[in-house]
Amino acid sequence: MLLSLVVCGASAQSDRAPDSLCRVVLLNVGDPLLPAFIALDRATRDEIRAKVGRPVQFYAETLDMLRFPRAQLEQETVALLSKKYRGAKVEAVVAIETTALEFAESHGDLIWPDTPIIFHSVPTSYLARRTLSPRITGVPVRYDIEPTLELALRLRPATRRVVVIAGAGEFDHELIRLARGAIEGRAGKIDVEFLVDRSLAEARAAVGKLPVDAIVLFLSMVRGGDGAPHTSRNVVTQLAAASSVPIFGIFETYLSDGIVAGSIASFETQGRRAGDLVARVLKGERPADLNVQPPVQPGCIADWRQLKRWGIDESLLPDGCDVRFREISTWERYRWQIDLAILVMFAQTALIGALLFQRYRRRQAESAGAQLRVELAHAGRLVTIGELTAAIAHEVNQPLGAILANVDSAEMLLDSDDPRISDVRQILADIRKDDLRANDVIKRLRTLLAKHEMTRERIDLNETILEVLRVLEPEAQRRHVELVTEFDDGIPRILGDRVHLQQVLLNLVLNAMDAMADTHVTSRRVTVRTARRPDGDAEVTVSDRGHGIASEHLSKLFVSFYTTKQRGMGLGLSIAKSIVEAHGGRIWAEPYRGGGATFRFTLPVTGDSGRAATAERPA
Ligand code: ADP
């Protein structure tokens, strides 16, 4: 039969429609679901599909001759495949591994006449002994046994003994042969022991008892010494679990729960290189022109977890070594989130610090403000009391004068012939009464004149007002002003400072009297009321029949130094305002019906309220 080159590529000369199907046989030698074959198969197919640009149909065949003796089944297999592919136009046969290549080479003419054969995963050592037919090309692989041993000794410099383990299968023996050739050339500093043709159980027991200066080089175990078929990957996993020393190997699938490292050709690369070659053949290039390709270069691949398990320093690995299964630490995994969280925490800390500092400054300012208020209030009281001097002098003089008159009367009585003791007693009683009266005035004044920190106590509001009105009474009389009270007797006690609240009353009543200087004497009246407001607060009002306040001045009254009086200081109302507010209340002015002005201030009744609480502690 003539060799007719079948072309799938659009650019090449072809007798087929451009979208005709490419048929490719993938000839495997083992279980196609082994991890190694899966990796190779996927990479090969992907590369072919990507490069050919036409629909490709793959036919996967497995000879399974790694496990079943080849001679026993070969003829029947050839007959079956010949029958199967008779009449079907197969454009390429991909031979995976040495046995498949030999089979395809021997029987390809019969089963897939004139079809190019492209191999991969065939070792260079095998190919060196062979001359291939022109219709065969492929990508060889190098089993890097010696570089793997070098790598192992580099990672375990204290090694004195190398135990090479392999099974009893054909493939295993091929690797043993390669290993002997590679290792025997080494200088005899290290003992090399070949543990071959053993069962898995024997091998497992042996690796569990190795001394610390030993390492294991695992080749493969397709079949154990007891004839049991195995998957090498599973064998190495079991050996690694039982071993007292690290294990090294040459196949990629031995990584992950198996070997520590090795000089390994990646299956992905092998598959892709082979796929690329198949695609070129499918697009029209002749296998004879392509030659056998350079082998896939193995390189260092290591398992990070095994390095950790055996305490091997990663820095001993050669540059560019592919370290796999690295466990990313929480720090690495959530790096930016952690950075962000730290940043937020820093920002929060800074913010809290700034707020605390601000609070400290505010406290300082509040404390200084409160102190200033106390000083100012005291100065204000001195000034106010100063205004009352004349009336007070009169108030004190009255009892003093009465005392003097009574003393004169007593003397005269005692000078008489028959002084009646009962009259003397009466005079003495009057003297005591007047003295107490004078003393009372002085006491009240002393309280008001003393410098006084703001305190908090439960006080009777009506009683507190009455006390201050008593002080003002003489002045009111002097000015012909009638002081009237309208008290709500049901007002509960409030939490506050007696002296400071009295100062508020002093200012308001004196202002009221001032405002009535031009009011007819018969109409001069100041009314002080207490009442409970609908919101529950206590309210004190001071109303007069004076000249009143123009509405445009209402807003200025409580501003410091605002005054309309010739000798006024303009501080009385601003001090009153600060005292009321320190008690948690409000103060304002409004016109009084029928002329005059009304000043009102409120005080919270429950001393436990927040407002009162803030007011009570100026410092
Ligand atoms: P001073 O009494 O030193 O002027 P105040 O702060 O006590 O300072 O009062 C400020 C101003 O408010 C007074 O000058 C006055 O114009 C006005 N004022 C206060 N009380 C009354 C009132 N009862 N009637 C009318 N005006 C008033």
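Above this text you will find the structure in question.
Since this is a predicted model, take the numbers as computed values, not measurements. (Residues numbered from 1 in each chain as written. Predicted model: local features only at pLDDT ≥ 70, side-chain atom pairs only at ≥ 80, totals over all residues. Heavy atoms only, no water.)

A. Structural detail: the pairing of strand 18 (residues 587-591). With five bridges connecting them, strand 18 and strand 19 (residues 597-603) associate as antiparallel partners. Along strand 19, the bridge assignment pairs A589 with F599. (Pairing = 2+ DSSP bridges. Helix = DSSP H or I, 4+ residues; strand = E, 2+ residues; numbered from the N terminus.)

B. The arrangement of the side chain of T44 in detail. Mapping T44 onto the fold places it in helix 1 (residues 35-52). Look at T44 and you get buried, because its relative accessible area is 1%. Other than its neighbours up to four places away in sequence, T44 contacts H120, G271 and G275. (Buried < 20%, exposed > 50% of the residue type's maximum accessible area, 1.4 Å probe, protein only. Contact = heavy atoms within 4.5 Å.)

C. Focus on the sheet that holds strand 5 (residues 136-141). Reading across the sheet, the five strands line up as 2-1-3-4-5 and stay open at both edges, with parallel pairing between neighbours. Each having just a single partner strand, strand 2 (56-62) and strand 5 make up the two edges of the open sheet. Averaged over all adjacent pairs, the angle separating strand axes in this sheet is 20°, with direction ignored. Bridge count for strand 4 (residues 117-123) against strand 5 is six bridges, and the pairing is parallel. Paired with F119 across the two strands is G138, which belongs to strand 5. This element, helix 9 (residues 267-282), spans strand 1 (22-28), strand 3 (92-96), strand 4 and strand 5 of the sheet and lies at about 170° to strand 5. (Axes fitted to C-alpha atoms, helices over the stretch in contact; angles between N-to-C directions.)

D. Region of the structure containing the site of the ligand. Close to the ligand lie 20 residues, the nearest being N511, T563, T564, K565 and L573. G570 has a polar backbone atom sitting 2.9 Å from an oxygen atom of the ligand. In this structure, L573 approaches the ligand through a main-chain N or O atom, which is 2.8 Å from an oxygen atom. Against a free-state accessible area of 530 Å², the protein chains account for coverage of 93% of the ligand. (Near = heavy atom within 4 Å. Polar contact = N/O pair within 3.5 Å; in protein donor to acceptor, adjacent residues only side chain to side chain. Areas by Shrake-Rupley, 256 points an atom, 1.4 Å probe, with all protein chains shown as cover.)

E. Fine view of the nonpolar core. Core analysis: the biggest nonpolar cluster contains 109 residues, and L101, W112, I145, I165, F218, L219 and L239 have the highest contact counts within it. When sequence neighbours within four positions are dropped, the list of residues in contact with I165 reads L195, A203, V207, V216, L217, F218, L219, S220 and L239. Within the second largest apolar cluster, 52 residues are counted, among which are L448, L472, V499 and V580. (Core = buried A, V, L, I, M, F, W, Y, C linked by side-chain atoms within 4.5 Å.)

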